[in-house]
Amino acid sequence: MSGKISKEEHDELTEMFEKIDLDGDGHICHFELQKLLNDCGHHVPGYKIREIIETLDLNNDNKICFNEFLGIVQDLKGKAIAKTFRKAINKKDGIRAVGGMSEQSSEGTQHSFSEEERFAFVNWINKALEKDPDCQHVLPMDPNTDCLFKSVADGIVLCKMINLSVPDTIDERTINKKKLTPFTKQENLNLALNSASAIGCHVVNIGASDLRDGKPHLVLGLLWQIIKIGLFADIELSRNEALAALLRDGETLEDLMKLSPEELLLRWANFHLENAGQPKISNFSSDIKDSKAYFHLLNQIAPKGKEEDEPCIDINMAGINERDDMKRAEAMLQQADRLGCRQFVTPADVVSGNPKLNLAFVANLFNKYPALTKPENEDIDWGLLEGETREERTFRNWMNSLGVNPHVNHLYGDMQDALVILQLYEKIKVPVDWKCKVNKPPYPKLGAHMKKLENCNYAVDLGKDTKFSLVGIGGQDLNDGNPTLTLALVWQLMRRYTLNVLEDLGDGTKVNDPVIVNWVNKSLADAGKSSKISSFKDKEISSSLAVLELIDAIQPGSINYDLIKTGSLSEDEKLENAQYAISMARKIGARVYALPEDLVEVKPKMVMTVFACLMGRGMNRC
């Protein structure tokens, strides 16, 4: 010790310790120390807090008692721990910097990642996959370490999370699970990335090597997209008609259908807050920091035991009167835990208003306890809720995987100002005059419709200049959200995008359907395969045998023929083959967007994209 502590200092330290010791157990832990530093205006990353506690914790019980606290404070400024504190408190809250995280970044560039996100995602994955026998080699992960970034390196966890978000996206038979080698791990990562793209994740700048190397910002970015897609899956009217209870006076289902999942969640929360006689919130960041809105939301949605076999969970509202924000947030989360919904956020995430994690927290609440009743005997046109077709979903996922902005939630409504379509033109190398020809939001209240229509007219003009077949299609059709005519344009954009990839690989040689069919048949014949196709309408394609044999021709030995159904096949057997074929195509590196049903039903447009993507993979072999 460098000197004694005076009585005045002792009293001050006692007061400080009691302030840190929020639960009054006589010890300081990770969460409590972070609270004190936050109160002092120093936002310290979690890993630095742990380093500090490890240094202070003289008896190795992972906590700090008052005597341990006193023993270090005396010479804090002169000790190495002081440097740790000074270094820590100059860091940004919960953000760590890592150098050189992208092949596209310049040497020495730093990419930050959120420790709060890592903590939340690890806990979510641990719970979601805790009983999965194929993940026991990496689970449970410690949310307080960086083990997540190593645990995704073999691709298994990523594949499993994709299937949790969108069931049956990946055929489990195609995941390499035993005696993994660098090559089989690479296959799993290819499968995960191409499947993530197929469900609408933006993975353009993420490679299998990035995931293998555990680059934090890329791993967390991909995981957030996958988790978000799963959380938002049922926040959509055609899948949850009870959402119609959120209709306001004068609104139609069409108005509600135009809202994004984020907007629907906010309206859902406000619906319950209004019923509780509480003020509305306008976001899931600054407006929820005091936890009071959350308390009332939990109280409204908690099951009341009115239905048979329904439990009754009474929310304890006493915590709402806590004077300290952090204590109040912890009390609220304890009530959320009683509903089985203490996921994604810590008290610090609530108090800091972390928008991403709070959005996930609310989405999880909605999914488990929507507490909505479908309106009855009202003048509602339920016929509008037909749901998204497979073709529409495929196109929407393709657009989103390319990173269009805004994100496309509703294919027609989100394209009525043509901004997404114009971005797609750029993806197929058609120049867009953004400065002089495109009106960008925010649109004026008066004349907004005309501004959007001008964009749509420009989109159609560009299509005609690109030699698309747009007979009978005008800008008004896009602006009106005409399904048939909008899809006609979008299909041609997707087709051109696919063919551009082939032309780039073929040194600019023009590619059309006959060229692809000839390449497929030649590749099959050269590999000694018996399959062949006459066109993309060939009914033999429904067995998926031609696709599977082509995959084996491109990457010999990749197909397990014991898994393929042959002979006279039932529809279920055809679907099994198709599921295996689509996943295997993605596993060998083909970014296929089509669905297994497209092969079984021999949908010519989607069949073309499957063979075109495989042709691209075959032409790009090392």
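Residues numbered from 1 in each chain as written. Predicted model: local features only at pLDDT ≥ 70, side-chain atom pairs only at ≥ 80, totals over all residues. Heavy atoms only, no water.

A. Main features of unusual backbone geometry. P140 follows L139 through a cis peptide bond whose omega is -5°. As for its placement among the helices and strands, P140 is situated in the loop between helix 6 (115-128) and helix 7 (147-151). Of the consecutive residues N405 and P406, the connecting peptide bond is found in the cis state with omega at 10°. Relative to the elements of secondary structure, P406 occurs in the loop between helix 18 (390-401) and helix 19 (419-427). For A418, which is not a glycine, the phi torsion comes out positive at approximately 70°. (Helix = DSSP H or I, 4+ residues; strand = E, 2+ residues; numbered from the N terminus.)

B. Representation of helix 15 (residues 325-338) within the structure. For helix 15, with 14 residues, the first-to-last C-alpha span of 20 Å sits near the 20 Å given by 1.5 Å per residue. Taken together, the buried positions of helix 15 are occupied by M326, R328, A329, A331, M332, L333, Q335 and A336. One side-chain oxygen of the residue at the start of helix 15 lies 2.8 Å from the amide nitrogen of M326, identifying that residue as D324. Of the residues trailing helix 15, G340 is marked for its positive phi of about 75°. (Expected span 1.5 Å × (residues − 1). Buried < 20%, exposed > 50% of the residue type's maximum accessible area, 1.4 Å probe, protein only. Polar contact = N/O pair within 3.5 Å; in protein donor to acceptor, adjacent residues only side chain to side chain.)

C. Spatial organisation of the packing of aromatic side chains. According to the stated counting rule, one finds 9 aromatic pairs in the structure shown. Ring centres of Y425 and F468 lie 6.3 Å apart, and the angle between their planes is 20°; on these two criteria the pair is classed as stacked. A residue pair is termed long-range when its members are at least 10 positions apart, and Y425 in helix 19 and F468 in the loop between helix 21 (448-465) and helix 22 (475-480) qualify at 43 residues. Note on Y425: relative accessible area 0%, which makes it buried. (Phe/Tyr/Trp six-rings, centres within 6.5 Å; stacked < 30°, edge-to-face > 60°.)

D. Inspection of a negative patch on the surface at higher detail. A grouping of E254, D255, D379 and D381 is seen on the molecular surface, where their side chains present a negatively charged patch. By secondary structure assignment, the location of E254 is in helix 12 (residues 253-257). The exposure class assigned to E254 is partly exposed, which follows from its relative accessible area of 46%. (Patch = residues over 30% accessible without salt bridge, like charges linked within 9 Å, V, L, I, M, F, W, Y side chains within 5 Å. Areas by Shrake-Rupley, 256 points an atom, 1.4 Å probe, with all protein chains shown as cover. Salt bridge = Lys/Arg side-chain N within 4 Å of Asp/Glu carboxyl O. Lys, Arg positive; Asp, Glu negative; His and termini not counted. Charge placed at Lys NZ, Arg CZ, Asp CG, Glu CD.)

E. View of the packing of helix 6 against helix 8 (residues 156-165). Packing of helix 6 against helix 8 leaves a shortest axis separation of 11 Å and a crossing angle of 75°. Taken together, the axes of helix 6 and helix 8 are roughly perpendicular relative to one another. Where helix 6 abuts helix 8, its residues W124, I125 and A128 lie against V157, M161 and L164. Partitioning the contact of helix 6 with helix 8 into residue classes produces 6 nonpolar, no polar and no charged. (Axes fitted to C-alpha atoms, helices over the stretch in contact; angles between N-to-C directions. Parallel < 35°, antiparallel > 145°, perpendicular 65-115°, else oblique. Contact = heavy atoms within 4.5 Å. Nonpolar A, V, L, I, M, F, W, Y, C, P; charged D, E, K, R; others polar.)

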